[in-house]
Amino acid sequence: MLKYKKVLLKLSGEFLAGKNKLGIDPNVISSICEDISFCLKSGAEIGIVVGGGNFWRGRDNKCSDKTKSDTAGMLATLMNSLIISDKLNSIGHICTIHSSIEIKNAISCYTHEKIIKILDKNKVIIFGCGLGIPFFSTDTAAAFRAVEINADILLKGTNVDGIYEFDPKKNLDNNRIYKKISLNDIISKNISVMDASAVALCRENNMSICVFNVGRSGSIYKILNGEDVGTYAFPD
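What counts, and where the lines are drawn
Residues numbered from 1 in each chain as written. Predicted model: local features only at pLDDT ≥ 70, side-chain atom pairs only at ≥ 80, totals over all residues. Heavy atoms only, no water. UniProt positions renumbered as here; feature names shortened; annotations may be inferred. Helix = DSSP H or I, 4+ residues; strand = E, 2+ residues; numbered from the N terminus. Buried < 20%, exposed > 50% of the residue type's maximum accessible area, 1.4 Å probe, protein only. Contact = heavy atoms within 4.5 Å. Pairing = 2+ DSSP bridges. Axes fitted to C-alpha atoms, helices over the stretch in contact; angles between N-to-C directions. Parallel < 35°, antiparallel > 145°, perpendicular 65-115°, else oblique. Left-handed = near helix turned anticlockwise from the far one by under 90°. Nonpolar A, V, L, I, M, F, W, Y, C, P; charged D, E, K, R; others polar. Core = buried A, V, L, I, M, F, W, Y, C linked by side-chain atoms within 4.5 Å. Phe/Tyr/Trp six-rings, centres within 6.5 Å; stacked < 30°, edge-to-face > 60°. Polar contact = N/O pair within 3.5 Å; in protein donor to acceptor, adjacent residues only side chain to side chain.

A.B. asks: Help me understand the UniProt feature "binding site: UMP" (unreviewed entry) in the protein in this model?
C.D. replies: The feature "binding site: UMP" (unreviewed entry), as given by UniProt, occupies Gly52, Asp70, Leu131, Gly132, Ile133, Pro134, Phe135, Phe136, Ser137 and Thr138 in the numbering adopted here. Here Gly52 shows up in the loop between β2 (45-50) and α3 (66-90). Given a relative accessible area of 8%, Gly52 falls into the buried group. Look past the residues within four positions of Gly52 in its chain and what remains in contact with it is Gly13, Ala76, Thr77 and Asn80. As for its placement among the helices and strands, Phe136 is situated in the loop between β5 (124-128) and α5 (138-148). Given a relative accessible area of 44%, Phe136 falls into the partly exposed group.

Structure (C-alpha cells):
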C-alpha cells in the first residue's frame, strides 16, 4: 500500500532542459517518464503541472509587458506538456493534457469534472498553461490543482535535495537543509522554495508539500512509499 496514492507533481522547466539550460533534454524526459510510469503501475494517481522556464521565463523578460510575457510563459508550459504526454503515451500510459487556455484541435480545455473521472481511471493528467491568467506562477497553479483534486501531497521536483535555510543557488556555505519544516515557518522566514501564495494556499487547505531532487532516479516512488526523501513541509 502506498502512503501517498493521489499526488500532484510539479516539475520545473529548467529541470527538463538538463545541462543544456534551454530546450529539452531527451534523456531527462525519458528518465522522469520512466519514474512516473513505475509509480502508475504501482497504483498511483498522478496529476502534473510543469513550468516553462526552459523556453520562456516571464520574470526575466524585459521586452514585453507583464501580461503578454506571462501569456508567453503559459504557452511554453504547453510545449513541455506535449512532450511529456507523448513520451508517457509511447510507453503505454494514457496521458491527457487539460489546459486553462483552450487551443482547439490540439488541447482539451480544463473542467473539474473531466479530470476527476480521468484520475479515477488511473490515468495521468498534465495541467497546462498554469492558471490561465497572468501574475500567477506555475507553483501557485500546482498548489491550486493539488487542492482541487484532493491530492494526498504536493510534490515539487527540483534540482536540489530539499528546502535549505538559504537559496542554495546563492549560498552554499553553512547552508543547512531541513528534513521537516512547517508551512508557517517557510512564510515567516521568507525561505525561497515556492511562491508565498502557493505556500499560503497549501497551508489554508491543509496540503503538505515535499520538495526533493527529481533527478535522482526512483525518488518519486520512494516518497509515495513513505520513505525519507527530500524535505517535508507540513501545515501546523
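A.B. asks: What's the story with the pairing of strand β3 (residues 95-99) in this structure? I'm lost.
C.D. replies: Consecutive side chains of a regular strand alternate in pointing toward one face of the sheet and then the other. Across the five residues of β3, four count as buried, placing the element largely inside the fold. Two elements, β3 and β5, share five bridges in a ladder whose sense is parallel. Looking at β5, one finds that Cys95 is bridged to Val124.

A.B. asks: Before we go on, may I ask you to explain the packing of α5 against helix α7 (residues 196-204) in this structure?
C.D. replies: Each pair of packed helices can be summarised by the angle the axes make with each other and by the distance between the axes. Where α5 contacts α7, the two axes come as close as 7 Å, and the packing angle between them is 15°. The angle between the axes of α5 and α7 places the two elements in the roughly parallel class. Viewed along their axes, α5 and α7 form a crossing whose handedness is left-handed. Contact residues: Asp139, Thr140, Ala143, Phe144 and Val147 in α5; Ser197, Ala198, Leu201 and Cys202 in α7. When the residues that make up the contact of α5 with α7 are grouped by side-chain class, the tally is six nonpolar, two polar and one charged.

A.B. asks: I keep staring at the nonpolar core and nothing clicks. Help me out?
C.D. replies: As a rule of thumb, soluble globular proteins bury nonpolar side chains together. Judged by nonpolar contacts, the single largest core of 38 residues is most densely connected at Ile46, Leu155 and Ile220. Among all residues touching Ile46, those that are not within four sequence positions of it are Val7, Leu9, Ile36, Cys39, Leu40, Leu119, Lys123, Val124 and Ile125. Residues Ile115, Ile149, Ile181 and Ile186 belong to the second largest nonpolar core, which totals 29 residues.

A.B. asks: I would appreciate a short explanation of the packing of aromatic side chains in the present structure.
C.D. replies: How two aromatic rings sit relative to each other is given by the distance of their centres and the angle of their planes. Scanning all chains against the criterion turns up two aromatic pairs. Taking 5.0 Å as the distance between ring centres and 85° as the angle between the ring planes, the aromatic pair formed by Phe38 and Tyr221 counts as edge-to-face. Here Phe38 is found in helix α2 (residues 26-41), whereas its partner Tyr221 is found in helix α8 (residues 219-224), with 183 residues between them in sequence. Residue classification places Tyr221 among the partly exposed residues on the basis of a relative accessible area of 25%. Arranged with centres 6.0 Å apart and planes meeting at 5°, the rings of Tyr232 and Phe234 form a pair that is stacked.

A.B. asks: I tried to follow the side chain of His93 on my own but got confused; where do I start?
C.D. replies: Here His93 is to be found in the loop between α3 and β3. Of note is the side chain of His93, whose polar atom sits 2.6 Å from the side chain of Ser37. Discounting residues that sit within four places of it in the chain, His93 has contacts with Ser37, Leu40, Lys41 and Leu88.

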